[in-house]
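So the chains spell out like this:
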Amino acid sequence: MQNSIQTQIREQIDIAFRNAIIVNPAYLDDEQLSREGQFAVLTEIFNTNVRNNEIREVCSHFAPIFQGGHPVHLSVLGKTGTGKTITLLYLLQEFERLCSEKGIPFQQYHLDLCCPAPCFRALNTLACLMGASKFYKRGISLEDLMTAIERCLLSTSGYVAIFVDEADNIRTDPNTFFTFLVKRLPLRVNAKIILLFASNRLNWSDNLDPRVKSCLKMRELIFEPYDATSLQHILGLRVEKALRPGTVEDGVIEKIAAVSSRNHGDARKAVDLLTRAAYLAERKGERITQATVDLASDEIERDKYLAMIRTSPKHLQAALYSALTGKHKGHALRTGDAYLLYDRFCREASLTPLTQRAFTDLLSELDMYGFLRASTVSLGRYGRTKEIYVSVSPAIIDQMRRLIRSNLDLSNEVIYGNCSGSRPKAGGHLRVNGGASEPGAWARLTRC
Ligand SMILES: Nc1ncnc2c1ncn2[C@@H]1O[C@H](COP(=O)(O)OP(=O)(O)OP(=O)(O)O)[C@@H](O)[C@H]1O
Ligand SMILES: [Mg+2]
């Protein structure tokens, strides 16, 4: 018996090795790659003319530093995953190398505000990057932090590039932070300060104090979403570095690139789709095919919606449940019917139902998140109503319903009214656990 289980384990490990598609997972997740590794990948990609225009723009922007000039500040804008951070870091590193070859003093700091931070945290992080201060939770004033940064740069000559990544993430007192960087710091140090900002928000600087804005004198550069050809280069290199040769069928890279460029143009998401497809194929012991890509894409969609539901307020979940449960009979579900379902579901889940007006607001919120489409239609003299169409794929509706039920501590064995996929099989019947007039009886139908 012991032998047989040990043999099984060995066999399973052998199978896992035989099926392995991903041989170098770090190339599918940049977090696992060293900075040098990331830059090596970028060098190969940039050599295929990807991001040519943006690179040309940034280079011409920085060109004056090689003739003693002082470029104005630069704001790089664009959607997520368009390579703003990685491209700027790559170019800054190249400028640093070129400057050191030419004997021009050049320093660069990357202040990564990946999470919303108050002015204090941003200044403290910048001071830590420069080695001007230690990490403080509190107990030091903004003035002390500013003075520490100034003191550190006092003896520095040449150029100091400060790259403020996700610049819109300074939520408390951004004016103090930007006034310091834009107006005060350049006056108090000898070095020529060059500020670079990156953000997903085109209007990130709109709410700044007009006096700061007028001193910013920013040039703006937009990173367009990646097109299919660029994504093909990016994905092709990942396949070459990360996956076992011969495990990707023809047309797979093209398909991922086409779908990704059409949907978002985000390189991070495109690589994620490739990774999911590789793991799925590995589990099945197959090569990656176009069908695997479709499955992986469904999996990503499902995870996204389920994660969203998990963190939503209970009434929003209840409203979504009613929209997912309503029987459409080829027609759209109307607000009144959806409200009835919601009301009954709330009673089942021991929630006090909100008013119909508040429920309609919840529907609009769900529409905004992309769970459904709710359009207002006129019924002539009967007034107006919303028609509700569920916009998530039918494959995940059942999972979403189950998740909502378990979030609200309800059993998943209950057959809920007319939900699809939970109709009794031929020969089965429904039992009502209580008088029909009792509130919630509608919901308490169980499969016998
Ligand atoms: N040109 C490229 N070559 C190879 N990989 C790339 C390229 N551009 C982006 N990527 C991949 O996409 C990921 C996201 O890039 P990056 O962080 O620079 O995007 P971003 O525009 O700064 O996004 P965000 O707005 O979310 O910060 C990188 O980690 C890298 O894996
Ligand atoms: Mg970024």
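**Overview of the overall build of the protein**
When you go through the protein residue by residue, the secondary structure sums to 16 helices and 13 strands. A globule of 448 residues ought to have a C-alpha radius of gyration of about 22 Å, yet the protein, at 28 Å, is considerably larger. In terms of overall dimensions, the protein has a C-alpha envelope of 85 × 65 × 50 Å along the principal axes. By the burial criterion, 31% of the 448 residues in the protein qualify as buried.

**Topic: the site of ligand 1**
Neighbouring ligand 1 are 19 residues, the closest being Thr80, Gly83, Lys84, Thr85 and Ile86. Sorting the residues of the shell around ligand 1 by element identifies α2 (35-46), α4 (84-102) and α11 (267-284) as the ones contributing at least two each. For the shell around ligand 1, the class distribution of residues is eight nonpolar, seven polar and four charged. Of the residues that make up the shell around ligand 1, three or more belong to each of domain 1 (2-29 + 227-307) and domain 2 (51-223).

**Here we look at the domain arrangement of the protein**
In terms of domains, the protein is made up of domain 1 (2-29 + 227-307), domain 2 (51-223) and domain 3 (312-447). The C-alpha centroid of domain 2 is placed 37 Å from the C-alpha centroid of domain 1. Domain 1 puts five residues into the contact, and the matching count from domain 2 is five residues. Here the residues of the side of domain 1 that touches domain 2 sort into one nonpolar, one polar and three charged.

**A short note on helix α12 (residues 290-310)**
The terminal C-alpha atoms of α12 lie 31 Å apart, and with 21 residues this matches the ideal 30 Å at 1.5 Å per residue to within 8%. Among the residues of α12, those classed as buried are Thr292, Val293, Ala296 and Tyr305. In this fold, the buried residues of α12 make contact with α10 (252-263), α11 and α16 (394-407).

**Brief notes about the sheet that holds strand β8 (residues 333-334)**
Two pairing modes exist for strands in a sheet, parallel and antiparallel, and in both the strands are linked by backbone hydrogen bonds. Ordered by their spatial adjacency, three strands build an open sheet running β8-β10-β9, and the pairing between neighbours is antiparallel. With one partner strand each, in any of the chains shown, β8 and β9 (372-378) form the two edges of the open sheet. The strands touched by helix α15 (residues 356-369) within the sheet are β9 and β10 (384-390), with β9 carrying the most contacts at an inclination of about 130°.

**Re the sheet that holds strand β2 (residues 106-112)**
The five strands lie next to each other as β2-β4-β6-β1-β7, forming an open sheet whose pairing is parallel. The open sheet has two edge strands with one neighbour each: β2 and β7 (218-223). If you compare each strand with its neighbour and ignore which way they point, the axes differ by 15° on average. The pairing of β2 with strand β4 (residues 159-165) spans seven bridges and is parallel. Residue pairing in the sheet places histidine 110 in a bridge with phenylalanine 163 of β4. Sheet strands in contact with α4 are β1 (73-78), β2, β4, β6 (192-199) and β7, and its direction is about 165° off that of β2.

**Quick notes on the environment of glycine 131**
Positionally, glycine 131 belongs in the loop between α5 (119-129) and α6 (142-154). Of the residues examined, glycine 131 has 9 C-beta atoms within 10 Å and is grouped as exposed. Through-space distance from the C-alpha of glycine 131 to that of alanine 148 is 9.4 Å; in sequence the pair is 17 residues apart.

**Some remarks on unusual backbone geometry**
Of note in the backbone geometry, lysine 217 takes a positive phi value of approximately 40° without being a glycine. Of note, lysine 217 is situated in the loop between α8 (210-216) and β7. In this structure, serine 350 takes a positive phi of about 55° despite not being glycine. Take serine 350: it is sitting in the loop between α14 (335-348) and α15.

**A word on the nonpolar core**
Counting residues in each nonpolar core, the largest one holds 72 residues, and the members touching the most others are Leu196, Leu235, Ile256, Ala270 and Leu274. Ranked by residue count, the leading element in this core is α11, at eight residues. Summarising the domain contributions, this core has at least three residues from each of domain 1 (2-29 + 227-307) and domain 2 (51-223). Leaving out residues up to four positions away in the same chain, leucine 196 has contacts with Leu74, Val76, Leu88, Ala161 and Phe163. Counting 26 residues, the second largest nonpolar core, distinct from the first, contains Tyr305, Tyr321, Leu324 and Ala338.

**Brief notes about the pairing of β9**
Across seven bridges, the pairing between β9 and β10 is antiparallel. Counterpart to alanine 374 in the pairing with β10 is isoleucine 388. Counting the residues that bridge the hairpin from β9 to β10 gives five residues, and of these glycine 380 lies at a positive phi of roughly 65°.

**Considering α15**
End to end, α15 covers 20 Å across 14 residues, agreeing with the expected 20 Å (1.5 Å per residue, within 8%). The complete set of buried residues in α15 reads Phe359, Leu362, Leu363 and Leu366. What you see down the axis of α15 is that its buried residues fit within an arc of 105°, all on one side. Looking at α15, the residues exposed on the side facing more than 90 degrees away from the buried face are Arg357, Ala358, Ser364 and Met368. Its buried side turned inward, α15 meets α13 (314-325), α14, β9 and β10. Just downstream of α15, glycine 370 is the residue with a positive phi angle, here 90°.

Parameters and conventions
Residues numbered from 1 in each chain as written. Chains lettered and ligands numbered in written order. Predicted model: local features only at pLDDT ≥ 70, side-chain atom pairs only at ≥ 80, totals over all residues. Helix = DSSP H or I, 4+ residues; strand = E, 2+ residues; numbered from the N terminus. Rg over C-alpha atoms; globule rule 2.2 N^0.38 Å. Buried ≥ 20, exposed ≤ 12 C-beta atoms within 10 Å, placed from the backbone. Near = placed C-beta within 6 Å. Nonpolar A, V, L, I, M, F, W, Y, C, P; charged D, E, K, R; others polar. Domains from an automatic or database assignment. Contact = placed C-beta atoms within 7 Å. Expected span 1.5 Å × (residues − 1). Pairing = 2+ DSSP bridges. Axes fitted to C-alpha atoms, helices over the stretch in contact; angles between N-to-C directions. Core = buried A, V, L, I, M, F, W, Y, C linked by C-beta atoms within 7 Å. Arc of directions from axis to C-beta.

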